[in-house]
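Residue-level listing of the chains:
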2 protein chains.
Amino acid sequence: MSRPVRPRYGIREVAAAAGVSVGTVSNVLNNPDLVASETRERVEQAMRQVGFVRNGLAHQLRLGRSNTAAAMVLSIGNPFFTEAARGIEDRLAQADCMLILCSTDKDSGREARQLRSLEEQGVRGLIITPGHMQTEPLLALQRRGIPVVLLDCPSPTPELCSVSVDDVHGGELVATHLLSQGHRQILFLNGCREVYQCVARSRGVHRALQAEGLEPSRHLLEVSLTDVDDDDAERAVEQILGLPEWPTAIMCVNDVVALGVLRCLRKRGIKVPDDIAVVGYDDVSFAAELSTPLTTVRQPTYQLGYTAAALLLADADGATDHQRVVLQPELVVRDSA
Amino acid sequence: MSRPVRPRYGIREVAAAAGVSVGTVSNVLNNPDLVASETRERVEQAMRQVGFVRNGLAHQLRLGRSNTAAAMVLSIGNPFFTEAARGIEDRLAQADCMLILCSTDKDSGREARQLRSLEEQGVRGLIITPGHMQTEPLLALQRRGIPVVLLDCPSPTPELCSVSVDDVHGGELVATHLLSQGHRQILFLNGCREVYQCVARSRGVHRALQAEGLEPSRHLLEVSLTDVDDDDAERAVEQILGLPEWPTAIMCVNDVVALGVLRCLRKRGIKVPDDIAVVGYDDVSFAAELSTPLTTVRQPTYQLGYTAAALLLADADGATDHQRVVLQPELVVRDSA
DNA sequence: ATGAAAGCGCTAACAT
DNA sequence: ATGTTAGCGCTTTCAT
């Protein structure tokens, strides 16, 4: 038998110190009102004395559930997701639940590994923005007893909860705005086509073009970024500007991408919006203060997270209806387009 | 006996399905080479068949340690910390270790609660940017077997590891720059005085004033923000501008605060740097692309996190020397000052 | 090479 | 009101 690596004082030591049984100590912890106040006093003092910290692993093993939920987002470097995480955390805290925040960073291998690890940890539930559209692993997870809530992407099945923002409409808002400004050569710096949000916004853009009777193939160039961050966007625009014909407007899948676009254009001395218009998405905190205040789409980000956590808790408490909440985005017109 | 809330298949079911004992299944998991390859094959198939997921709680309980480390930062909304978290995560991943990321948000009650919760979870180690200077709870934690590494703040004791950036020097760099530009009325929007970095940077500013033979009380106004975010900063500046005499330069404890300052000044139509100069700290991704490109202090943020995780792992593996790594900051002069 | 069984620290049913 | 004890799922020693 290997010695425990971290020998701490447990309820046994507390019991000995207080002259009671482990059952009583356990009751002080979990059913204080079953214990005579005098005894309770004594036990609590013993706990302080030996520096007792409950072994949560044993606790949860016994109970069969933990008070830790997990959130997996696409990128922790995107303020959109940290804002949503704040909402999640706040709601979970109300239920004395902690949050494990993970970031998949578009690595589906990593997503799978983390998913497994979280399941092994026995998380109480999972809030996830999937990096692809295979819901099967998530459904399996839920069948094994771990409630799943999709974040920022509507559930394709009635078995999963979801909270999302209407991305088709969001894409449509942006494209309609650009078209109304007379733009006919639009570059859409989109994310990976495996990600729902990206596909949906693209659909919205197409819809806007159609509404004007315009042929997408003539007026729209869509590029899928790989990392979907500012550096990635900068490189992509750099490349596009090497082409003979420039777009008159660039719409970005999020504000971080727009940041990279602005950086590239600034370095090349290209004026926004005069030479090229730029539109972001998310309305993160810095959007309004960029060199050219960013026209973008505001999402109820905090509420998105907060609601997702609420659904998760309801589900973990045995709710059987799987809600699909859809929130509405809003175009914020500033100077960049 | 209450039924387990989440009945999953365990090694017992796998053993039954494969026609072996639980010990053998365990060996397939942990000592595959002790098992005859034919048996191993059979067991592995049984695992897939029943959809086996190892119960990490029981695993860790038995082993006495987990493969999850935790990081507690001051604010998850600050890109500085998410960048550091990326460094931490990357280094931990090399050791097959997961990260729990927590944010204290200046709430010391919350910090204490989360600390306890993490200890109960049996985290393998803790990387923390403390919101105050009481190291006693951290030392106690370490004595109880959980290695602690201070992030972005030098350890005041030889018993704790730390990785930090020279904040006194950083503050000095900024102030020296401002003084050399002729500024004699400097507003320092600092964070809470309980936080080491804030105190250290303030010391650096004082040092710079002294080097010029200037009296701090005449040339420096230092304000402690409470939330230390952009909205908080905006409010503070709004208030300062109500005073009869305005500062000629505002230095900020980080770039997020600078963002709020720029927002306030823009709303009031005050020109940067002509009317008031502004300096940030951290050089986060958006710093260079703000309405006025931000003069700021660059820190080796990713490396900060990466190194902290390396120290943590070394410590958890039994290293007994407690290193104090100090990195160097660098002034990045742009347009805002 | 495999099996049997003890025990990690805790909770809760049952006994007193 | 308190004590006793089985067992959560796993690992590991010891025996076969």
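Residues numbered from 1 in each chain as written. Chains lettered and ligands numbered in written order. Predicted model: local features only at pLDDT ≥ 70, side-chain atom pairs only at ≥ 80, totals over all residues. Heavy atoms only, no water.

### As for the sheet that holds strand E7 (residues 220-224) of chain A
Residues and elements named next belong to chain A. In spatial order, the strands read E7-E6-E8-E9; together these four strands make up an open sheet with parallel pairing. At either margin of the open sheet sits one strand with a lone partner, and together these are E7 and strand E9 (277-279). When strand polarity is set aside, the average angle formed by the axes of neighbouring strands in this sheet is 15 degrees. (Pairing = 2+ DSSP bridges. Helix = DSSP H or I, 4+ residues; strand = E, 2+ residues; numbered from the N terminus. Axes fitted to C-alpha atoms, helices over the stretch in contact; angles between N-to-C directions.)

### A look at the sheet that holds strand E1 (residues 68-73) of chain B
Residue and element names in this part refer to chain B. Ordered in space as E2-E1-E3-E4-E5-E11, the six strands form an open sheet in which the pairing is parallel. If you trace the sheet from one side to the other, it starts and ends with strand E2 (98-103) and strand E11 (324-327), each paired once. Taking each pair of neighbouring strands and ignoring which way they run, the sheet shows an average axis angle of 15 degrees. Where strand E3 (residues 125-128) meets strand E4 (residues 148-151), three bridges bridge the pair, whose relative direction is parallel. Counterpart to Leu126 in the pairing with E4 is Val148. The strands that helix H7 (residues 136-143) touches are E3 and E4; relative to E4, the one it contacts most, it runs at about 145 degrees. (Contact = heavy atoms within 4.5 Å.)

### Focus on the relation of the copies chain B and chain A
The two copies are related by a screw operation: chain B maps onto chain A through 180 degrees of rotation and 0.0 Å of translation along the axis, at an RMSD of 0.1 Å. On the angle and the small slide along the axis, the relation comes out as a two-fold axis. (Least-squares fit on C-alpha atoms with pLDDT ≥ 70 in both.)

### Some thoughts on the interface of chain B and chain A
Taken together, the 55 residues of chain B in the interface contact 55 residues of chain A. Carbon and sulfur atoms supply 54% of the area that chain B and chain A bury against each other, a total of about 4,900 Å² over both sides. The tally of links from chain B across to chain A stands at six salt bridges. Taking the shortest distance from any N to any O, the salt bridge between Glu289(B) and Arg263(A) comes out at 3.7 Å. The interface formed by chain B and chain A contains ten residue pairs in polar contact (both at pLDDT 80 or more). Elements supplying a minimum of two residues to the side of chain B that touches chain A: helix H4 (56-63), helix H5 (79-94), E2, helix H6 (108-121) and helix H12 (255-267) of chain B. Per-element tally for the side of chain B that touches chain A: the top contributor is H6(B), with eight residues. Residues that form the side of chain B that touches chain A fall into these classes: 22 nonpolar, 16 polar and 17 charged. (Buried area = accessible area lost by both parts, 1.4 Å probe. Salt bridge = Lys/Arg side-chain N within 4 Å of Asp/Glu carboxyl O. Polar contact = N/O pair within 3.5 Å; in protein donor to acceptor, adjacent residues only side chain to side chain. Nonpolar A, V, L, I, M, F, W, Y, C, P; charged D, E, K, R; others polar.)

### A short note on the pairing of strand E3 (residues 125-128) of chain A
Residue and element names in this part refer to chain A. Every second residue of E3 is oriented toward a common face, with Gly125 and Ile127 on one face and Leu126 and Ile128 on the other, all of them buried. Note that strand E1 (residues 68-73) and E3 share four bridges and pair parallel. Looking at the pairing, Ala69 lines up with Gly125 of E3. Crossover connection from E3 via helix H7 (residues 136-143) to parallel strand E4 (residues 148-151): handedness right-handed. (Buried < 20%, exposed > 50% of the residue type's maximum accessible area, 1.4 Å probe, protein only. Right-handed = clockwise from strand over helix to strand, strands pointing away.)

### A short note on the domain arrangement of chain A
Residue and element names in this part refer to chain A. Each assigned domain of chain A is listed with its residue range as follows: domain 1 (11-54), domain 2 (68-165 + 301-329) and domain 3 (167-298). Using only C-alpha atoms to locate each centre, domain 2 and domain 3 end up separated by 28 Å. Contact residues are listed per partner, giving 17 residues for domain 2 and 20 residues for domain 3. Interface area, domain 2 with domain 3, both sides summed: about 1,400 Å², of which 56% is carbon and sulfur. Considering only the side of domain 2, the residues that lose the most area to domain 3 are Lys106, Met133 and Pro329, jointly responsible for 37% of the buried surface there. Applying the counting criterion to the domain 2 and domain 3 interface returns three residue pairs in polar contact (both at pLDDT 80 or more). When the residues that make up the side of domain 2 that touches domain 3 are grouped by side-chain class, the tally is nine nonpolar, six polar and two charged. (Domains from an automatic or database assignment.)

### Description of the environment of Gln328(B)
Residues and elements named next belong to chain B. Considering the arrangement of structural elements, one finds Gln328 in the loop between E11 and strand E12 (330-332). Once the C-alpha coordinates of Gln328 and His169 are considered, the two residues, 159 residues apart in sequence, prove to be 8.2 Å apart. Those residues within four positions of Gln328 in sequence are excluded, and the remaining contacts are Val165, Asp166, His169 and Pro300. Within the local environment of Gln328, its side chain forms a polar contact with the side chain of His169, the two groups lying 3.3 Å apart.

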